[in-house]
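# What the coordinates show
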Amino acid sequence: MFGYRVPAPDQAMLISGGRAAGNAPFRVVTGHGAYIMPFFRKVRFLTLSMAEAEVSETCVTKQAIALNVRAVIAFKVGNDTESIVNAGQRFLSDQEQMSVLTGRIFAGHLRSIVGSMTVEEIVTERQKLAIEVLDGSKSEMAKIGLSVDSLQIQSIDDMASGYIDAMAAPHNAAIQRQAQIAQAMATQQSVEAEQSAERNKAEYARQTAIVQAQYKAEVDRAQAQAAQAGPLSQAEAQRQVIAAQTELAERAAELRQQQLVAEVVRPAEAEAERVRILAIADAERIRIQAEAAASYDRVALDRMIIDQLPLIVEKAAAGLQGANINVLNGADGLSEIAAGLVGQGLAILESVKKGMAEDSSGSGSKRVPGSAKGSGAQRVEIEAGEQK
């Protein structure tokens, strides 16, 4: 709309030419617009944005040591109407002068405050210096409608006098010493870390080599077992064949031994027993002849028995010759068989003698061996059957 003006957010609109509240020469409008009557009202704008001023001032300390102090001040026009009016009356036509005037005001207060402090205080307590400068300039800045947001001490220079360096030398030496110690410790830790890393690397390599050797040994062992599996199986098969052949040979030997026993040993033993029985019979014959010689009355009978005894024994032995004898206890068994045969032969002889005695007593006559042939005497024939 024609004649309606609106200030920017960081501006204050100053309207002159009409009546203003109080003793102000103009009306202040901020944050909204206003209708300006043409030709009767005049509008100006005052910035409310942040501004800065730099101060570089040579100051003398309490110790009469010259210092060059550089500082930066951040300031702006106050937000209240009174501050805007005061700043507008002073800087509206040349707003750049706000920075110049602010720097001068702070330079004066900076020289005053530095003159009451020592170099050590100024260097170590910069914040204290800034606060005292702000407090000293606050009232003056308010009179011209400005407010200070911050003051920063940028640098303090002793102008090549060496005082600050001398003051810092012990601290520098201590710091350097600590730095050297820290560097040495860092170097030592670095060396230890490298050595530890090398040890870990060597240990890892050793473990890796051990594991690889174990794996290789297992692979070689498996390959060797696989390579030996065929020959071992063949050897085992041959061993089983040899064992079977050995067992067969042993059984064949046992069978042959049994055949030799049946074909050679047992017939030989039977023949030996027959010879022994004949010898026993011959001995018995001699004994009977001796007894017959001692007894005249039985000479004829004993003579006849004696003559027949070899035949009896021979018959008995002949029965043994064809018999299948199983001898269980060796020579003792053969002796028992022979004794049994002799016993049977003697029993037969006793029976014959007893029968002949009965015949002789019944007929009332005696027969002698010399008359047996002419008188038709009895002839005793004894056959020996198969002895079991």
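Predicted model only: the values in this text are computed from it and were never measured. (Residues numbered from 1 in each chain as written. Predicted model: local features only at pLDDT ≥ 70, side-chain atom pairs only at ≥ 80, totals over all residues. Heavy atoms only, no water.)

As a further point, take the overall build of the protein chain. Along the backbone of the protein chain there are 7 helices and 8 strands. Across the 388 residues of the protein chain, 26% fall into the buried class. Taken as a whole, the protein chain presents about 25600 Å² of accessible surface, with 54% of it coming from carbon and sulfur. (Helix = DSSP H or I, 4+ residues; strand = E, 2+ residues; numbered from the N terminus. Buried < 20%, exposed > 50% of the residue type's maximum accessible area, 1.4 Å probe, protein only. Areas by Shrake-Rupley, 256 points an atom, 1.4 Å probe, with all protein chains shown as cover.)

With that settled, the discussion passes to the sheet that holds strand E6 (residues 51-60). The 3 strands are arranged E6-E7-E8 in an open sheet whose pairing can be described as antiparallel. In this open sheet, the two strands that pair with only one neighbour each are E6 and strand E8 (146-157). Each strand of the sheet is rotated relative to its neighbour by a mean of 20 degrees, with strand direction disregarded. Sheet topology places strand E7 (residues 66-77) next to E8; 10 bridges connect them, and they run antiparallel. (Pairing = 2+ DSSP bridges. Axes fitted to C-alpha atoms, helices over the stretch in contact; angles between N-to-C directions.)

Bringing helix H4 (residues 126-143) into the picture now. Under the 1.5 Å per step criterion, the end-to-end length of H4 is 27 Å for 18 residues, consistent within 8% with the ideal 26 Å. At Ser 137, H4 shows its maximal bend, which comes to roughly 40 degrees. If you check which residues of H4 are buried, you get Leu 129, Ala 130, Val 133, Ser 137 and Met 141. Its buried side turned inward, H4 meets E7, helix H2 (97-115), helix H3 (119-124) and E8. Within two residues after H4, Gly 145 carries a phi angle of roughly 80 degrees, on the positive side. (Expected span 1.5 Å × (residues − 1). Bend = angle between axes of the 7 residues up to and from the residue. Contact = heavy atoms within 4.5 Å.)

The strand order E3-E2-E5 describes an open sheet built from 3 strands, whose pairing is antiparallel. Strands with a single pairing partner mark the edges of an open sheet, and in this sheet they are strand E3 (27-29) and strand E5 (42-47). Averaged over all neighbouring strand pairs, the angle between strand axes comes to 30 degrees, with direction disregarded. Across 3 bridges, the pairing between strand E2 (residues 11-16) and E3 is antiparallel. Bridge assignment links Leu 14 to a residue of E3, and that residue is Val 28.

With that settled, the discussion passes to the nonpolar core. Ranked by size, the top nonpolar core spans 40 residues in total, and within it Leu 67, Val 77, Leu 110, Leu 129, Leu 146 and Ile 153 carry the most contacts. In terms of residue count, the dominant contributor to this core is H2 (7 residues). Excluding residues within four positions of it along the chain, Leu 110 makes contact with Val 55, Glu 57, Cys 59, Val 69, Leu 129, Val 133 and Ile 153. (Core = buried A, V, L, I, M, F, W, Y, C linked by side-chain atoms within 4.5 Å.)

With that out of the way, let us pick up the pattern of salt bridges. Here the structure, examined in full by the defined rule, presents 10 salt bridges. Glu 125 is the partner of Lys 128 in a salt bridge, and the nearest nitrogen-oxygen pair spans 3.8 Å. Note that Lys 216 and Asp 220 form a salt bridge whose closest N and O atoms lie 2.9 Å from each other. Taken together, the residues span about one helical turn, with Lys 216 and Asp 220 both in helix H5 (residues 163-294) at a distance of 4 residues. Residue Asp 220 is classed as partly exposed on the basis of its relative accessible area, which comes to 34%. (Salt bridge = Lys/Arg side-chain N within 4 Å of Asp/Glu carboxyl O.)

Now for the side chain of Asn 68. Position of Asn 68 among the secondary structure elements: in strand E7. If sequence neighbours within four positions are ignored, Asn 68 has contacts with Ser 56, Glu 57, Thr 58, Ser 155, Ile 156, Asp 157 and Met 159.

Relative to each other, H2 and H4 sit at 130 degrees, their axes nearing to 9 Å. It follows from the interaxial angle that H2 and H4 lie oblique. When you trace H2 past H4, the crossing you get is right-handed. Residue-level contacts link Thr 102, Ile 105, Phe 106, His 109, Leu 110, Ile 113 and Val 114 of H2 to Leu 129, Glu 132, Val 133, Leu 134, Gly 136, Ser 137, Glu 140 and Met 141 of H4. For the contact of H2 with H4, the per-class residue count stands at 9 nonpolar, 4 polar and 2 charged. (Parallel < 35°, antiparallel > 145°, perpendicular 65-115°, else oblique. Left-handed = near helix turned anticlockwise from the far one by under 90°. Nonpolar A, V, L, I, M, F, W, Y, C, P; charged D, E, K, R; others polar.)

On to the side chain of Asp 158. Here Asp 158 shows up in the loop between E8 and H5. No salt bridge forms around the buried Asp 158; measuring N to O, its nearest opposite-charge neighbour Arg 126 is 11 Å away. One polar contact links the side chain of Asp 158 to the main-chain amide nitrogen of Gly 162, over a distance of 3.2 Å. Within the local environment of Asp 158, its side chain forms a polar contact with the backbone nitrogen of Ile 164, the two atoms lying 2.9 Å apart. Residues in contact with Asp 158, not counting those within four places in the same chain, are Ala 66, Leu 67, Tyr 163, Ile 164 and Asp 165. (Lys, Arg positive; Asp, Glu negative; His and termini not counted. Polar contact = N/O pair within 3.5 Å; in protein donor to acceptor, adjacent residues only side chain to side chain.)

With that out of the way, let us pick up the confidence of the model for the protein chain. On average, residues of the protein chain score 79 in pLDDT, and 74% of them reach the 70 mark or higher. Contacts for the low-pLDDT stretch residues 363-388, under 50 throughout, to residues beyond four places or in other chains number 29 contacts. (pLDDT = per-residue confidence, 0-100.)

Below, the discussion takes up the pairing of E7. Counted residue by residue, E7 has 10 buried out of 12 residues, so it is predominantly covered. Both E6 and E7 contribute to a ladder of 10 bridges, which runs antiparallel. Across the sheet, Glu 54 pairs through a bridge with Val 72, a residue of E7.

Another point: unusual backbone geometry. At Ala 64, a position not held by glycine, the phi torsion is positive, near 65 degrees. Using a relative accessible area of 60% as the deciding quantity, one classes Ala 64 as exposed. Of note in this structure, Met 159 is not a glycine but carries a positive phi near 60 degrees. Overall, the relative accessible area of 44% leaves Met 159 in the partly exposed class.

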